[in-house]
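The lines below spell out each chain.
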Amino acid sequence: MDGTLVDTEPYWMAAETALVESFGGTWTHEDALQLVGNGLLDSAIILQKAGVDMAADAIISSLTDSVQDALRTQGVPFRPGARELLADLKAAGIPTALVTMSLRRMALGVVDLIDFDAFELVVAGDDVDNPKPHPEPYLQAAALLDIDIADAVVIEDSPTGLRAGIASGAVALGVPHIVSLDDVGAHELWPTLEGRTASDISEFFDRQTTTAGANR
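Residues numbered from 1 in each chain as written. Predicted model: local features only at pLDDT ≥ 70, side-chain atom pairs only at ≥ 80, totals over all residues. Heavy atoms only, no water.

Per an unreviewed UniProt entry, the protein goes by the name Phosphorylated carbohydrates phosphatase and belongs to Microbacterium oxydans.

As structure tokens, then:
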């Protein structure tokens, strides 16, 4: 979600900075980049080490509240082409799931702001025992969609998320945003989703599965 569907990373970074500074610490842009794509519990532990004297659950709740408030007051900045691609996938009858390490309440809040029924289901950070880069979130989504994970395309903007998709056995597409995805192992990297359609996704999937079959 964050960085692939919507450009909320600046909201998260601002919330992290304000929280760390409220405890007298400092939080740089480089510090914030460590958290991109992480599970919230892992991020909370890093923030504790930066001086945030709060329980992990309280840190997660505080950050989520701050980002939700920013979404309400500053708007939901969809990434280029993301909403349009979802609409085309829907029209083509291709099922989709939103797999995010944000809390479910935040994910549903973003989904509710899309003006059509974009996703069959949501798997959020508080729905799984093992966050990305563990494959569990994507395996759970595939199971709930009743599909083989090998028949799925995962679209990710972070190394952590991309590693989860690759480990799950899905065909993995990287669309870098704030951090580089070079050498992470994506089947392909696209600079943007702008102008991309359901046909582009199908053709991408076919290229990868044809190549994999030829290499067996």
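### Here we look at the nonpolar core
Keep this limit in mind: What makes a nonpolar core is a set of buried Ala, Val, Leu, Ile, Met, Phe, Trp, Tyr and Cys residues whose side-chain atoms join them at distances within 4.5 Å. Relative accessibility decides the category of a residue: with a 1.4 Å probe and only protein chains considered, values under 20% of the type maximum give buried, values over 50% give exposed, and everything between is partly exposed. Only DSSP runs of H or I with at least four residues qualify as helices, and only runs of E with at least two residues qualify as strands; both kinds are numbered from the N terminus onward. Throughout, the edges of the domains are those of an automatic or database domain assignment. Residues count as neighbours in contact if any of their non-hydrogen atoms are within 4.5 Å of one another.
In terms of nonpolar packing, the biggest core is built from 49 residues, with M1, L5, L47, L98 and F119 touching the most fellow members. Those elements that provide at least two residues to this core are α1 (9-22), α3 (40-49), α4 (56-74), α5 (82-91), α6 (104-111), β4 (171-174) and α9 (198-214). Residue contributions to this core peak at 7 residues, all from α4. Residues lining this core come from more than one domain, with at least three contributed by each of domain 1 (8-74) and domain 2 (82-214). Residues contacting L5, with those up to four places away along its chain left out, are F78, R79, A82, L86, L98, V110, I114 and F119. Listed in part, the 14 residues of the second largest apolar core include M101, V128, V154 and A164.

### Here's the deal with α5
Counted only if it meets this: Directions from the helix axis toward the C-beta atoms define the arc.
Along α5, the residues that are buried comprise A82, L85, L86 and L89. Down the axis of α5, the smallest arc covering the buried residues is 100°, so these residues share one side. Of the residues trailing α5, G93 is marked for its positive phi of about 75°.

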